[in-house]
Amino acid sequence: MSEPTTIERIMDPDSVAVVGASKDKTKRGYQAIETLQGSGYGGEIYPVNPNADEIRGLEVYPAVSEIPGRVDLALIVTPARIVPSVLKDCAGTDLAGAVVIAVGFGEAGADGEALEREIVSLANEHDIRLVGPNTSGMINVHAGLNLVGADTVPEGGLGLLCQSGNMAISLFTEAATRDGVGYSHYVGVGNEADLKFHEYLPYLNDDPETDAIVLYVEGMSEGRAFLQAAR
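Worth saying up front: this structure is predicted, and the values here are computed from it rather than measured.

Cut-offs and rules
Residues numbered from 1 in each chain as written. Predicted model: local features only at pLDDT ≥ 70, side-chain atom pairs only at ≥ 80, totals over all residues. Heavy atoms only, no water. Helix = DSSP H or I, 4+ residues; strand = E, 2+ residues; numbered from the N terminus. Contact = heavy atoms within 4.5 Å. Polar contact = N/O pair within 3.5 Å; in protein donor to acceptor, adjacent residues only side chain to side chain. Buried < 20%, exposed > 50% of the residue type's maximum accessible area, 1.4 Å probe, protein only. Arc of directions from axis to C-beta. Salt bridge = Lys/Arg side-chain N within 4 Å of Asp/Glu carboxyl O. Pairing = 2+ DSSP bridges. Axes fitted to C-alpha atoms, helices over the stretch in contact; angles between N-to-C directions.

Trainee: So, the environment of Glu59: which residues are in play, and what are the values?
Mentor: Within the element layout of this structure, Glu59 appears in strand 4 (residues 58–59). C-alpha separation for the pair Glu59 and Ile45, spaced 14 residues apart in sequence, amounts to 9.2 Å. Among all residues touching Glu59, those that are not within four sequence positions of it are Pro47 and Asp53. Among the polar contacts listed, one links the side chain of Glu59 to the side chain of Tyr61, at a separation of 3.4 Å.

Trainee: Residue-level account of helix 2 (residues 28–38), with values.
Mentor: For helix 2, the full list of buried residues reads Gly29, Tyr30, Ala32, Ile33 and Leu36. The buried residues of helix 2 occupy an angular sector of 165 degrees when projected down its axis, which confines them to one face. Where helix 2 terminates, the next one or two residues include Gly40, which has phi positive at roughly 85 degrees.

Trainee: Go over the pattern of salt bridges with me, naming the residues and quoting the values.
Mentor: This model, assessed by the stated rule, comprises 10 salt bridges. Put simply, Asp94 and Arg9 hold a salt bridge, and the shortest N to O gap is 3.5 Å. Residue Asp94 is found in the loop between helix 3 (83–89) and strand 6 (97–100), and its partner Arg9 is found in helix 1 (residues 6–11); the two are separated by 85 residues along the sequence. For Asp94, a relative accessible area of 43% puts it in the partly exposed group.

Trainee: If you had to explain the sheet that holds strand 6 to someone new, which residues and values would you point to?
Mentor: What the 5 strands build is an open sheet, ordered 2-1-5-6-7; its pairing is parallel. The sheet is open, and its two borders are formed by strand 2 (44–48) and strand 7 (129–131), each paired with just one other strand. Neighbour-to-neighbour, the strand axes of this sheet turn through a mean angle of 20 degrees, independent of strand direction. With 3 bridges joining them, strand 6 and strand 7 adopt parallel strand pairing. Of the residues in strand 7, the one forming a bridge with Ala98 is Leu130. Where helix 2 meets the sheet, it contacts strand 1 (15–19), strand 2 and strand 5 (73–76), and its direction lies at approximately 160 degrees from that of strand 1.

Okay, structure coming up:
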């Protein structure tokens with residue numbers, strides 16, 4: 001069996017680190033773990049927080065670099081200013097990708113643009129691919145990988161790439177009212193700071209659970225590359 005590609009490790013990870021994990025039930029860092037456990041995700045879940053020992057029955061690690069097993073994907077739920085230090089910590093860990101939830105990057109003016117350039121540079125330096133930032137997260141419905149927190153996403157054959165979390169929720173809600181309509185994957189592409197729309201297409205094309213790809217696009221940074229990949 002061949003080694004999975006970077007995109008395969010991101011879209012169908014065997015292990016997820018939740019960076020910014022929390023004991024506070026109102027925080028995304030708690031809710032993300034609760035959702036993963038409740039949605040039937042079968043991979044390893046590693047909460048990361050330097051100030052906690054245990055969350056929802058799981059051992060907590062002070063940093064991604066302290067996790068003993070290989071981590072495929074990190075869900076980073078820290079504030080934007082903390083993301084660079086998280087990526088620096090991940091150097092040499094063989095992390096495939098990180099989903100960066102935080103806002104305050106390229107969509108937030110000059111300072112945010114500079115911060116976005118910094119995290120992309122760090123990710124490139126350490127061979128980590130970024131989903132987002134400014135993303136609602138991602139879902140692999142068939143694998144129980146729900147990094148969004150959306151309830152009752154119907155299972156089916158549509159792969160959704162979307163730049164609006166609210167639009168994604170509307171589409172999930174509408175699909176739930178229609179027999180035979182459901183989703184295999186959802187990716188909130190966010191700012192496309194690193195991973196672009198077109199880079200998800202080959203994976204979804206080859207995915208046996210995906211029959212069609214749906215996109216909601218507000219802006220596309222590499223349109224020609226997308227058209228070539230789509231063709």
